Every structure is written in C-alpha cells, then in structure tokens.
Amino acid sequence: MMVPTCRGFTRLLDAGVEDLESRAQPQCRAWRCRRASVAWLLVMGMLALGFLLDARNGRNIGSMRPSASTEEVAIVAGCCTYFTDPNNKCGTCGANNMKTSGFCAKSKGNCGQCGGSSVWCGGKNINAKQSKAVSHIPTQVKTAQPMGTALKNPFKGKKYYVHPLNAAKYDKSMKGTKGKIRKNLEQMKSIGAAYWIDNKAKLHGDGPKTLEGILKDAKSQDPVPLVTLIWYDLPNRDCDAKASVGEICCTVNKTTGHCDLDTESDCEDGLKEYKETYVQPFIRILKKYSKDVPIVVILEPDSLPNLATNLKHPHCGNKATVRAYKEGFAYALNKLVDETPDVTVYLDAASGSWLGWAHQCLKYLDVMVELKLPMHKVRGFATNTAKYQPLGVQCPWEHQPGYSRNNFCLPSSPGIAEHKNHACCKDPCKLLDAWDPGNNEHNYAALLISLATEKFGSDHFRVVIDTGRNGAQNRKDCHNFCNIRKAGAGRASTTETANNTILDAYFWLKTPGESDGCTKHLPNGTKCVRYDAVCGSEDSLGNEDDEPKAPEAGEWYDYQVKMLAEYADFDGLGS
C-alpha cells in the first residue's frame with residue numbers, strides 16, 4: 001500500500017578518517033579508505049574487491065530509489081575516481097562523479113592506489129558540513145523507565161484478526177486455480193494481517209472497511225483477536241513517491257488535486273487537518289475499544305526514516321514537509337501513548353537496505369531525541385513494512401573496536417574468509433559490498449536493538465518484521481520494490497521467531513495481494529495519474545505483454561497474489 005522511499009547518498013568519517021562504509025546511489029559504487037594504520041594488505045584486498053565487482057557489473061544497494069541527496073559526503077582533501085566525463089572529470093567530488101567504481105581517498109597519494117586509470121579530484125565545492133565527521137557510537141540520552149504496553153509482547157498468546165474482505169478476495173482469486181497455488185491461497189486467507197488506515201474515510205462507519213467497523217467486529221468474536229493497524233496519513237505523506245501520495249496536503253496542486261510537494265509553506269492548514277480530522281477521531285475510536293480489544297499500531301511508515309536520511313530530496317526537505325512530519329508525528333505518538341495506554345505502538349524503522357549502516361540508523365534514532373518522543377512508552381520498531389527484504393539468518397555478533405555494528409560479514413572481519421560462506425552472510429542484494437551489515441532483516445533488527453538500547457539506556461525494545469512478501473528473492477535489481485515478479489508470501493504471522501530477545505513477531509504488515517502501485521495504464525485501460533516510474537521496472541509485474549496491468553496502490557492485484565502463492569515460503573526457510 002505504501003512505497004518505500006529512498007535514502008540519501010552518505011559517507012562516514014570516523015575520527016576524521018574515511019571508512020569504506022557508504023551509501024551508494026543506483027548504478028554507482030563508492031569506496032573509502034580504511035584507517036591509515038590498516039595494513040597495506042587489507043587496502044589492496046579491498047581494491048581487488050572493487051575491481052572484481054566492477055568486472056562482474058554488480059550493484060551495491062545504497063537506496064531503494066534514486067535520490068537527489070548527497071548529504072554529508074565526507075571528503076578530507078579530495079577523491080579519486082574512475083569516472084572520466086570529458087566535460088567534468090571531477091564534479092563535486094561527491095555523488096555526482098561516482099558513476100562507476102571508485103573510492104574516496106584521504107590524500108592524493110592514496111588515490112594512486114586506484115590504479116593508472118584513476119583521476120584525482122581536488123575536492124571542489126567542499127563545504128564544512130560535507131567534511132564533518134559522523135560517529136558510529138551512540139550518545140546516550142536520559143529516558144524514563146519503560147512502562148505499560150512497552151514492557152510486553154502484544155502478539156504473544158493472541159489470535160490475530162483476519163479481515164473478512166481480504167478473505168473474500170482470496171476466495172475470488174482461488175477460482176480457476178489448482179495444486180500448489182490453490183492450496184497456498186487457501187492458507188493465506190486465514191493468516192492474520194494488518195489493516196491500513198490510510199485515509200479519513202476509513203475511520204468511521206460500520207462494516208469491515210472502517211476502523212470502527214473492524215474493532216466492533218473484533219470485539220464480537222470469541223476469543224477477541226489482536227487487531228494490527230497501520231496509521232498512515234501524515235500531510236505530504238511519502239514525500240519521495242507518487243503511488244502512495246496522501247490525501248492531506250500542505251499545499252494542493254490545483255491541476256492534479258494531489259499534494260504539491262514543491263511549494264514551500266508552514267503547513268499550518270495541513271497540520272490542522274491532520275490533527276483534527278485524522279488523529280483526534282482515530283484516538284476517540286481507539287479509546288472506545290482498546291479496553292476490550294488488543295490493538296497494535298504501526299505509526300506512519302517511512303516518515304522518520306525520511307527525516308533521518310532524505311532531507312536533501314527537494315520534496316522531503318521542503319520546509320512544509322519537514323514541519324508536517326516532525327510536528328505531526330510527535331503529536332500523533334503523544335496522543336496515542338497518553339490517551340490510549342492499552343494500545344501497543346511500534347515506530348516504523350524502514351529496512352536493513354535503508355538504515356542498516358550504523359551511522360544511518362543513529363541518525364534515525366537521533367530524530368526521536370530531537371522530537372522528544374516518549375520512547376519509554378513505545379514497545380519498539382517495525383521493519384520491512386511493505387518491503388521485500390529477506391529474513392535471512394542472524395549472525396553471531398562480532399564487536400569491532402570504535403564501532404557499534406556487527407563486523408561478522410564485513411571485509412574488516414579477521415575471519416571474513418571463513419565467514420563469507422556462513423548462511424548469515426548470504427547477501428542477495430549485495431549490501432555487504434557497500435559495508436551495510438543489515439544484509440537481512442534479522443541482522444538489521446540486531447543492529448537496531450543494539451543501538452536503541454545504547455542510545456536510550458533501556459533494553460525493553462523489540463522488533464516486528466513484515467514477512468508478507470519476502471518469501472522468495474528473485475529480483476534482478478534490489479533497487480526495485482514495486483509489485484515484484486516471482487516474489488513469494490513469507491513467514492506466516494507468528495511469535496515463533498529466531499530470537500525473542502530482539503523480536504516480538506513476524507507479521508504480515510502488508511497483505512499479500514495488495515498492489516504497491518499502478519502501471520502506466522490501469523487494468524481498465526485508462527492512464528494512471530499516480531504512476532511511479534519504479535513500477536515500470538524490469539522486476540515489476542504488469543510491464544510484460546502477457547501480464548495484466550497493475551492497479552493503484554492498495555487495490556487487489558489478482559495476478560500478483562497468485563504469484564505470491566506460487567513462490568510462498570510460510571515457514572521462512574527459503575528466504
């Protein structure tokens with residue numbers, strides 16, 4: 001229903017020395033020098049890895065979408081690169097000139113290690129902000145003692161609400177199917193999944209299409225099931241996407257009727273509308289039912305990750321959007337935890353392919369500190385929401401001095417020759433090549449919990465991972481995330497996780513079968529005004545001649561759900 005947004009291209013300096021950890025733009029790689037004290041052997045080994053990657057045309061995944069951001073590109077003196085644009089060899093010594101394979105260098109001498117074809121760029125247009133060092137180590141803040149629903153797993157021992165409309169859609173999709181697909185669709189319709197309250201029309205009224213109707217239905221059942229809700233309607237919602245752009249705007253584009261993400265404003269009207277017509281009625285309905293119905297809320301997917309990493313994107317960095325996200329999110333969370341204390345809240349934390357770098361994850365946690373969020377009343381984090389990243393296997397934790405990340409699968413690990421063959425280092429999206437230890441959602445959850453525990457001085461945080469569509473990894477390019485061809489439904493909603501010290505549950509936070517976004521033309525042949533180019537990718541369904549066109553985000557995509565059933569992996573072993 002929602003589309004994951006991008007991360008900005010970033011680089012990290014630790015103690016003033018560049019590290020090989022980076023966030024690579026699509027179609028590019030960025031490499032960094034290790035500390036000056038690292039042996040030449042390691043340096044040459046890393047260079048060899050770079051040449052190997054270039055030769056095989058692999059991609060390092062730094063973001064799920066292209067981004068205009070070059071936030072905190074950390075250059076000391078300049079950089080060396082293989083890029084040889086005859087019009088501009090050096091660019092800005094940042095994202096723009098790292099088009100093939102190259103790495104940033106502390107000095108011209110280091111650049112010489114790139115090889116004879118490299119070009120030294122003298123650090124043009126470098127400002128103080130770009131050269132500022134960023135620490136891997138969390139700075140602890142004072143947090144109150146955790147209390148209430150923050151202290152217990154809400155999914156444990158509960159029956160999960162099965163939405164009757166979704167069950168009916170599965171029944172309809174089963175018609176004409178047989179064998180494995182039919183059997184799996186039958187199982188899918190009985191698996192509990194979250195319901196998205198992504199517009200104001202879904203708040204009031206009887207029947208299964210509304211929040212009020214769902215909670216009333218759940219209350220009538222015996223036993224009363226747990227209802228999981230996605231709270232999703234911030235002004236200027238999903239600032240780097242078209243397919244899931246929201247209904248509440250800071251400024252409305254009078255031509256399209258959608259949000260104008262370019263116009264600057266204070267978003268006063270948008271915030272007023274959000275607070276009075278979405279947040280407050282949402283809270284009133286929750287208060288009416290939360291004593292009788294166990295409720296989990298996943299709050300505003302992608303909003304905090306965008307604030308943490310994507311402010312250089314013109315739509316996300318627009319002052320109207322920034323104010324809407326900061327003030328709107330804080331208002332909603334405080335209302336939730338103060339007025340509906342029986343509701344359990346998780347904050348969306350993107351995925352390991354977005355925030356898996358320690359310094360990016362810390363920027364995400366720093367947003368919570370800036371907004372003074374009541375983290376002692378928050379149960380934890382939701383990851384992979386509406387995304388396709390694999391569960392994988394959690395690695396043993398290998399401490400790396402000076403860092404707060406797991407070094408086990410990274411090139412800097414002393415045992416990397418052996419570790420690279422470990423199941424936990426399986427890396428279908430080549431994230432480890434970009435020094436992202438969040439190569440799977442188990443490893444990312446471990447990193448996130450470790451950093452949050454250090455940051456807030458509390459060990460109560462847990463993670464719920466969306467496993468709705470990560471049962472098979474068949475993407476040609478992991479930048480693609482819209483209606484993925486040959487994706488499979490993943491681990492069925494359960495508290496039987498690989499590690500209950502960091503995880504509360506695997507849960508279907510996006511129902512398999514709901515479209516990520518439309519193709520250029522809708523199934524009825526009309527043009528889709530919310531078409532997002534990412535839904536036209538080589539991995540996206542509806543773009544080949546024999547494939548039915550994809551409907552708008554959130555609508556049922558019959559062709560997709562049958563494929564998700566065909567490649568399903570309900571026990572999680574295949575991902």
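Okay, so let's go over this structure. Please read these numbers as outputs of a predicted model, since none were measured by experiment.

What counts, and where the lines are drawn
- Residues numbered from 1 in each chain as written.
- Predicted model: local features only at pLDDT ≥ 70, side-chain atom pairs only at ≥ 80, totals over all residues.
- Heavy atoms only, no water.
- Core = buried A, V, L, I, M, F, W, Y, C linked by side-chain atoms within 4.5 Å.
- Buried < 20%, exposed > 50% of the residue type's maximum accessible area, 1.4 Å probe, protein only.
- Helix = DSSP H or I, 4+ residues; strand = E, 2+ residues; numbered from the N terminus.
- Contact = heavy atoms within 4.5 Å.
- Axes fitted to C-alpha atoms, helices over the stretch in contact; angles between N-to-C directions.
- Parallel < 35°, antiparallel > 145°, perpendicular 65-115°, else oblique.
- Nonpolar A, V, L, I, M, F, W, Y, C, P; charged D, E, K, R; others polar.
- Disulfide = S-S within 2.5 Å.
- Phe/Tyr/Trp six-rings, centres within 6.5 Å; stacked < 30°, edge-to-face > 60°.
- Pairing = 2+ DSSP bridges.
- Arc of directions from axis to C-beta.
- Salt bridge = Lys/Arg side-chain N within 4 Å of Asp/Glu carboxyl O.
- Expected span 1.5 Å × (residues − 1).

## Details of the nonpolar core
Right, on to step 1. Core analysis: the biggest nonpolar cluster contains 77 residues, and Trp231, Leu304, Leu347, Tyr364, Met368, Leu373 and Phe381 have the highest contact counts within it.
Right, on to step 2. The leading source of residues in this core is helix α9 (residues 319–339), at ten residues.
Right, on to step 3. Contact partners of Met368, with chain neighbours within four places excluded, come to Leu304, Leu347, Leu373, Met375, Phe381 and Phe456.
Right, on to step 4. If you look at the next biggest cluster of nonpolar residues, it comprises 26 residues, including Met188, Ala489, Trp556 and Val561.

## Focus on the packing of helix α6 (residues 211–220) against helix α7 (residues 268–289)
Right, on to step 1. The interhelical angle for the contact between α6 and α7, taken along N-to-C directions, is 5°, at an axis separation of 10 Å. The pairing of α6 with α7 is recorded here as roughly parallel in orientation. Taking contact as the criterion, the partners of Leu211, Glu212, Leu215, Lys216 and Lys219 in α6 are, on α7, Phe282, Ile285, Leu286, Lys288 and Tyr289.
Right, on to step 2. When grouped by side-chain class, the residues that make up the contact of α6 with α7 number six nonpolar, no polar and four charged.

## Description of the state of the cysteines
Right, on to step 1. Counting across every chain of the model gives eight disulfides.
Right, on to step 2. Covalent S-S linkage joins Cys395 and Cys424, the inter-sulfur distance amounting to 2.0 Å. With the S-S bond torsion at 100°, the cross-link from Cys395 to Cys424 turns out right-handed. In this pair, Cys395 is assigned in the loop between β11 (380–383) and α12 (416–419) and Cys424 in the loop between α12 and α13 (441–456), connecting sequence segments 29 residues apart. For the pair shown, Cys395 and Cys424 are each scored as buried.
Right, on to step 3. For Cys409, the disulfide goes to Cys425, at an S-S distance of 1.9 Å.

## Quick word on the packing of aromatic side chains
Right, on to step 1. In total, this model carries 15 aromatic pairs according to the counting rule given.
Right, on to step 2. With a centroid separation of 5.3 Å and an interplanar angle of 85°, the aromatic rings of Trp196 and Tyr232 are classed as edge-to-face. On the criterion of sequence distance, the pair formed by Trp196 in strand β7 (residues 195–197) and Tyr232 in the loop between β8 (227–231) and α7 is long-range, its members being 36 residues apart. The same class applies to Trp196 and to Tyr232, which are both buried.
Right, on to step 3. With 5.7 Å between their ring centres and 15° between their planes, Tyr274 and Tyr278 make a pair best called stacked. Here the residue Tyr274 and the residue Tyr278 both occupy positions in helix α7, the gap between them amounting to four residues, near one helical turn.
Right, on to step 4. Given the relative accessible area of 0%, Tyr274 is considered buried.
Right, on to step 5. Of the residues examined, Tyr278 reaches a relative accessible area of 0% and is grouped as buried.

## Topic: the sheet that holds strand β13 (residues 503–507)
Right, on to step 1. Spatial ordering of the open sheet is given by β7-β8-β9-β10-β11-β12-β13, a layout of seven strands whose pairing is parallel. Every interior strand has two partners, whereas the edge strands, β7 and β13, have only one. Going across the sheet, the axis of each strand differs from the next one's by a mean of 25°, ignoring polarity.
Right, on to step 2. As judged from the four bridges shared by β11 and strand β12 (residues 462–466), these two strands associate in the parallel manner. Within β12, the position partnered with Gly380 by the bridge is Arg462.

## Structural notes on helix α5 (residues 179–188)
Right, on to step 1. Every buried residue of α5 is listed here: Asn184, Leu185 and Met188. Taken end-on, α5 shows its buried residues confined to a sector of 105°, consistent with a single buried face. Opposite the buried face of α5, at more than 90 degrees from it, the exposed residues are Gly179 and Lys183.
Right, on to step 2. Buried positions along α5 lie against α4 (164–174) and α14 (558–566).

## Notes on the pattern of salt bridges
Right, on to step 1. What the rule picks out here adds up to 25 salt bridges.
Right, on to step 2. Of the charged contacts in the structure, one is a salt bridge between Lys387 and Asp302, with a shortest N-O distance of 3.2 Å. Residue Lys387 is located in the loop between β11 and α12, and its partner Asp302 is located in the loop between β9 (295–299) and α8 (303–309); the two are separated by 85 residues in the primary sequence. Just as Lys387 is buried, Asp302 falls in that class too.
Right, on to step 3. The partner of Arg485 in a salt bridge is Glu547, with the nearest N and O atoms 2.7 Å apart. Here Arg485 is found in the loop between β12 and β13, whereas its partner Glu547 is found in the loop between β13 and α14, with 62 residues between them in sequence. Of the two residues, Arg485 and Glu547, neither departs from the other in class, the shared state being buried.
Right, on to step 4. One network of salt bridges, with partners in common, ties together Glu268, Lys275, Arg323 and Glu327.

## A short note on helix α11 (residues 358–370)
Right, on to step 1. Here α11 spans 18 Å end to end across 13 residues, near enough to the 18 Å set by a 1.5 Å rise per residue.
Right, on to step 2. Within α11, burial applies to Ala358, His359, Gln360, Cys361, Leu362, Lys363, Tyr364, Leu365, Val367 and Met368.
Right, on to step 3. With its phi angle positive at about 55°, Lys372 sits one or two positions after the end of α11.

## Regarding the pairing of β12
Right, on to step 1. Buried residues dominate β12, accounting for five of its five residues.
Right, on to step 2. Taking every second residue as pointing to the same face, both faces of β12 are buried, with Arg462, Val464 and Asp466 on one and Val463 and Ile465 on the other.
Right, on to step 3. By the bridge criterion, four bridges tie β12 to β13 in an arrangement that is parallel. Bridge assignment links Val464 to a residue of β13, and that residue is Ala505.

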